[in-house]
Amino acid sequence: MAQIVTNKNVKVLEEGSAINNSQSCSFKGLYTTKTGKRLRVSIHYDSSYHDQSRSSVSVWSEQTMSWNKVDHIHYENLDLVVRKVYSPESKAEDFRADANRLIASALSIVGN
């Protein structure tokens, strides 16, 4: 599988494949920045009820030992929703644009 997040300022720790259900698909990825911050991307696309689609990027806090949401993309602005890409054969690559957008946003907020 090709790497989904292609930002040179992060290293991939783990990227899952697309998980497909009867009307939805999901993607999750875990990344680390050059300074060691851990980022988690989560995207869920619901083809029947677009308003139930969601995406977020979170940063790991060593102080609270929890994930803290940094940013999201509103479902109406998700590339997946705009292109209506869902099919039972959806692949992780279908999430590339949204995942890269979330990572870029997180890096601009929390730094490299």
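Residues numbered from 1 in each chain as written. Predicted model: local features only at pLDDT ≥ 70, side-chain atom pairs only at ≥ 80, totals over all residues. Heavy atoms only, no water.

What follows is about the nonpolar core. Formed by 24 residues in total, the largest nonpolar core has its most connected members in F27, L39, V41, I43 and I103. Those elements giving two or more residues to this core turn out to be β3 (24-33), β4 (38-46), β5 (54-61) and α2 (96-110). The element contributing the most residues to this core is α2, with five residues. For I103, the contacting residues outside a window of four places in its chain are V5, N7, V10, Y31, L39 and V41. (Core = buried A, V, L, I, M, F, W, Y, C linked by side-chain atoms within 4.5 Å. Buried < 20%, exposed > 50% of the residue type's maximum accessible area, 1.4 Å probe, protein only. Helix = DSSP H or I, 4+ residues; strand = E, 2+ residues; numbered from the N terminus. Contact = heavy atoms within 4.5 Å.)

Assignment of secondary structure puts R54 in strand β5. As for R54 and H44, which are separated by ten residues in sequence, their C-alpha atoms are 5.3 Å apart. Residues contacting R54, with those up to four places away along its chain left out, are S42, I43, H44 and L78.

Our focus in this paragraph is the pairing of β3. Among the ten residues in β3, eight count as buried, and that is most of the element. By the bridge criterion, two bridges tie strand β2 (residues 19-20) to β3 in an arrangement that is antiparallel. By the bridge assignment, N20 is partnered in β3 with C25. Linking two consecutive strands that pair antiparallel, namely β2 and β3, is a turn of three residues. (Pairing = 2+ DSSP bridges.)

Time to look at the environment of Q63. Relative to the helices and strands, Q63 is located in the loop between β5 and β6 (66-71). The exposed category is assigned to Q63, whose relative accessible area is 79%. For the pair formed by Q63 and V110, sequence separation is 47 residues and the distance between their alpha carbons is 15 Å.

Turning to the pairing of β5, a few remarks are in order. Counting buried positions along β5 yields six of eight residues, so the element is predominantly enclosed. With six bridges joining them, β4 and β5 adopt antiparallel strand pairing. Pairing of H44 across the sheet is with R54, part of β5. Where β5 folds back on β6, the antiparallel hairpin that results is connected by four residues, among which M65 adopts a positive phi of roughly 55°.

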